[in-house]
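Below, each chain spelled out in residue letters.
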Amino acid sequence: MKTSDSSEIARWELHQEIPSDPRLACELIRNVVATAEELGWDQAAVFAVHMALEEAIMNSIKHGNRRDLNKLVKIDIQIFLEHLVAIISDEGEGFDPDQVPDPRCDENVERCSGRGVLLMRQFMDEVVYDQEGRRVTMRKLRSPRTNPVDA
Amino acid sequence: MSHKHYQCIRTQEIDGVTVVQFVDDKVMDAARIEQLGAELNKLTEERTPPKLIVDFSDVKFFSSAAINKLIVLEKRVKEKGGQTRLSNLRPEVRDLFGFTHLDSVFRIHESQDDAIRELKKNQ
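For the rest of this paragraph, the subject is the nonpolar core. Counting residues in each nonpolar core, the largest one holds 70 residues, and the members touching the most others are A:Val49, A:Ala52, A:Ile57, A:Met120, B:Val27 and B:Ile53. At twelve residues, helix H2 (residues 43–64) of chain A tops the list of elements feeding residues into this core. In contact with A:Ile57, not counting residues within four places along its chain, are A:Ala25, A:Ile29, A:Val73, A:Ile75 and A:Ile88.

Each side of the interface is counted separately: chain B has 17 residues, and chain A has 18 residues. Going through the elements one at a time, helix H2 (64–79) and helix H3 (91–99) of chain B are the ones with two or more residues in the side of chain B that touches chain A. Looking at side-chain class alone, the side of chain B that touches chain A contains nine nonpolar, six polar and two charged residues.

With that settled, the discussion passes to the sheet that holds strand E1 (residues 12–19) of chain A. Residues and elements named next belong to chain A. Reading across from one edge, E1-E2-E3-E5-E4 is the order of the five strands in this open sheet, with antiparallel pairing throughout. Lying at the two open borders of the sheet, with one neighbouring strand each, are E1 and strand E4 (126–130). Taken over all neighbouring pairs, the strand axes of this sheet differ in orientation by 10 degrees on average, direction set aside. Across five bridges, the pairing between E4 and strand E5 (residues 135–141) is antiparallel. By the bridge assignment for E5, Val128 is matched with Thr137. Sheet strands touched by helix H1 (residues 22–38): E1 and strand E2 (72–79). Its angle to E1, the strand with the most contacts, is close to 175 degrees. Strands in contact with H2 are E2, strand E3 (83–89) and E5; relative to E5, the strand with the most contacts, it is inclined by about 175 degrees.

Parameters at a glance
Residues numbered from 1 in each chain as written. Chains lettered and ligands numbered in written order. Predicted model: local features only at pLDDT ≥ 70, side-chain atom pairs only at ≥ 80, totals over all residues. Core = buried A, V, L, I, M, F, W, Y, C linked by C-beta atoms within 7 Å. Buried ≥ 20, exposed ≤ 12 C-beta atoms within 10 Å, placed from the backbone. Helix = DSSP H or I, 4+ residues; strand = E, 2+ residues; numbered from the N terminus. Contact = placed C-beta atoms within 7 Å. Nonpolar A, V, L, I, M, F, W, Y, C, P; charged D, E, K, R; others polar. Pairing = 2+ DSSP bridges. Axes fitted to C-alpha atoms, helices over the stretch in contact; angles between N-to-C directions.

Structure follows, in structure tokens:
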């Protein structure tokens, strides 16, 4: 995924490693959301970024690092004039996102888990996994999409 | 009637229907979501069969962990022969239910009044 033009300077950026603690994740996400709002991002885009960050970071904490506080989640976020890039990685065993059961199927729709990858793909404009599923790179355009891409 | 023993929700009885609203505008904190789940469970014990409207007025963000608590609520209400309706979802929150096909599990109404009217029709 192309994350930015080499000449483009981020208006805001965050590079942080946190222990696998949901409370720290929550605090960090609130900070990113508040910044996007301050930079004038609209309600829909802020909601999308919030949802995707929450799902990606919580997946890393719960399923990647299995809540091991000795393992870190690395979070790199850059907000440019017209888009945001977030790269989230963990120290877990990885997974194949294409093997995650579709939570929209009748047999899964009422399950209390398994929606994270779908939500990230629906709310962001680009979502790419690498490092055997230990790292995800997501991009959100500031302008709203007119035709959401089906996951 | 407002139930002051709840921390994460406010409730109001309207025409035999319990209307539930969230205290937080961003329902995302893990500990609060656990508390929310416990409070929603308790609600289902208070009236048989439960008739609930979960009203999303002022809710700016609703995490998938919070949605899981609503799924549990819906199942418990159904087991008790009751009904759950959702109302006043802002477009992004409505998208959340659409993208996940949870709009096939929950009945969603534009307004609280619509939801009450529909629930009363089915009495």
